[in-house]
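Structural overview for review
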Amino acid sequence: MQKVTTRHGALVLHLLRRHGPLTRGRLGALSGLSRTTLYDVVAALLDEGAVLASVPQATLRKRGRPAEVLALNPEAGNVLGIEFARDAVRVAARDASHEIVGTAHEPHSADVAWPVRVDLAWRLADALTGGTLRSGGVNGIGVGMAGPVERSSLLTVRHGGVAELVRERFGTPAPVDHAARLAALAETVWGAAMGARDVLYLRLSHDVGGGLVVAGRLHRGAHGIAGQFGHITVDPDGARCECGKRGCLETVASVGAVLNACRSVGGPAMDLPELEAALGSGDRTAHSVVARAGAQVGRVLADMCHAVGPDVIVVGGELVAACPAVMESIAHELASHAVRGPDTHPEVRSSRLGSFAAALGAVALHRQRTSPTSLRHSVEVGIGAQARADQALGEPLRFAPERTEARAEGDSPGIGI
């Protein structure tokens, strides 16, 4: 029954969300599922508490067997994913029907205090969920942060006890994980690697990091530090990295490293928009610098493939968003250096979820922590499942647009934008 439930449960939830309360007969007609399959799906959803069954009073007064009506359980609540980035807060929300209902973000200066950031996250989430946070309408939270998670999640001076601050503000525990690692999870559930079981994700941002999904589960390693790909050495005599070593991948492929390399040879790269403009105009210096960075990344990914053997490699982050040409160099080097298997070799893809990958991954983090099933089953809910439901109904996939600077009416973020 589990296989049937995970394949069709999201369709039933989608139909209840779209049409409101329905009888089993009407659900069967809309979904096209057999009576046996629909019975198993509904039974599982009732056990999970995602769906409620009731008999309207008007039906009770009639003769014959009462017509039971099924509806989404409004008390199932929302699940929130929050990313505390270097200079912004991003929030994603999933409702009781397991659909992503929206995303919101707001930038802030890098020196904003943690209590203010947590308050901003609360305001964004409350506006995103229609004010339900004020009445306790949250069923769980996942949090993504940059930097070593073992320091982020504890009560430390450096991070101001982020997990505790979130718990106090939202009234529920908030597991914390590395933002890049959560992005790997999101890309596997909803993004460029949707449905794959073994995925390697690399983020090229102001730092360089990533994550692994192995056999459908997020891999953290024995000490919780898996995914620190930015500190793989590419040049023992290279520039010193913030970690104390020399020549880490982060020293050649982070946003700052690429901009510095471009400026060192006289290229126009005061910031990412200027570098992006230079690439668009065909500036040879800019293209050469980006190609070199991509080549370094491609060779590292090839070595990692030999150790991990992923189905799909996803590369994201601000550098990829601003300089998509870097993907050509990465793919070329990967193809040149990776040993191919007898049937296929890993495919490298650009991130599909962009800047909200970590926040969406934090939503998926909560599901992995609360569900005994693997990520393979989790793939059947959320955006991926909504796509299947929409296809069955002849409708296109609808992903709620980003609600930029979303906040509750009358609220102000209280920080400089």
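For the structure itself, look to the data block above.
Described below are features of the structure shown in this document. (Residues numbered from 1 in each chain as written. Predicted model: local features only at pLDDT ≥ 70, side-chain atom pairs only at ≥ 80, totals over all residues. Heavy atoms only, no water.)

**Quick look at the overall build of the protein**
Check the secondary structure of the protein and you find 17 helices and 14 strands. With 417 residues in all, the protein has 52% of them scored as buried. A fraction of 65% describes how many contacts in the protein between residues 6 or more apart in sequence connect residues 24 or more apart. For the protein, the exposed surface amounts to about 18700 Å²; the carbon and sulfur share of it is 51%. (Helix = DSSP H or I, 4+ residues; strand = E, 2+ residues; numbered from the N terminus. Buried < 20%, exposed > 50% of the residue type's maximum accessible area, 1.4 Å probe, protein only. Contact = heavy atoms within 4.5 Å. Areas by Shrake-Rupley, 256 points an atom, 1.4 Å probe, with all protein chains shown as cover.)

**Thoughts on the packing of aromatic side chains**
Each aromatic ring pair is described using two quantities: the centre-to-centre distance and the angle formed by the ring planes. Taken as a whole and judged by the stated rule, the model has one aromatic pair. Geometrically, the ring pair formed by Phe-84 and Trp-114 is edge-to-face, given 5.5 Å between the ring centres and 85° between the ring planes. Note that Phe-84 is positioned in strand E4 (residues 78-84) and Trp-114 in helix H5 (residues 114-128), a separation of 30 residues in sequence. Overall, Phe-84 belongs to the buried group, its relative accessible area being 2%. For Arg-117, the ring lying beneath its charged end belongs to Trp-114, and the centroid distance is 4.6 Å. (Phe/Tyr/Trp six-rings, centres within 6.5 Å; stacked < 30°, edge-to-face > 60°. Lys NZ or Arg CZ within 6 Å of the ring centre and 35° of its normal.)

**Comments concerning the nonpolar core**
Core analysis: the biggest nonpolar cluster contains 39 residues, and Leu-204, Leu-275, Leu-301, Val-315 and Ile-330 have the highest contact counts within it. Residue assignment for this core shows that the elements contributing at least two residues are strand E9 (199-204), strand E10 (208-214), helix H10 (255-264), helix H11 (272-280), helix H12 (284-308), strand E12 (312-316), helix H13 (318-322) and helix H14 (326-337). Residue contributions to this core peak at ten residues, all from H12. Not counting residues up to four positions away in its chain, the partners in contact with Leu-301 are Leu-200, Leu-202, Ile-313, Val-315, Ile-330 and Leu-334. Grouped together as the second largest cluster of nonpolar side chains are 28 residues, Trp-190, Ala-192, Val-199 and Ala-359 included. (Core = buried A, V, L, I, M, F, W, Y, C linked by side-chain atoms within 4.5 Å.)

**Brief notes about the sheet that holds strand E2 (residues 51-54)**
Spatially, the three strands line up as an open sheet ordered E1-E3-E2, and their pairing is antiparallel. Two strands bound the open sheet, and with one partner strand each, they are strand E1 (22-23) and E2. As judged from the four bridges shared by E2 and strand E3 (residues 69-72), these two strands associate in the antiparallel manner. Directly across from Ala-53, in E3, lies its bridge partner Leu-70. (Pairing = 2+ DSSP bridges.)

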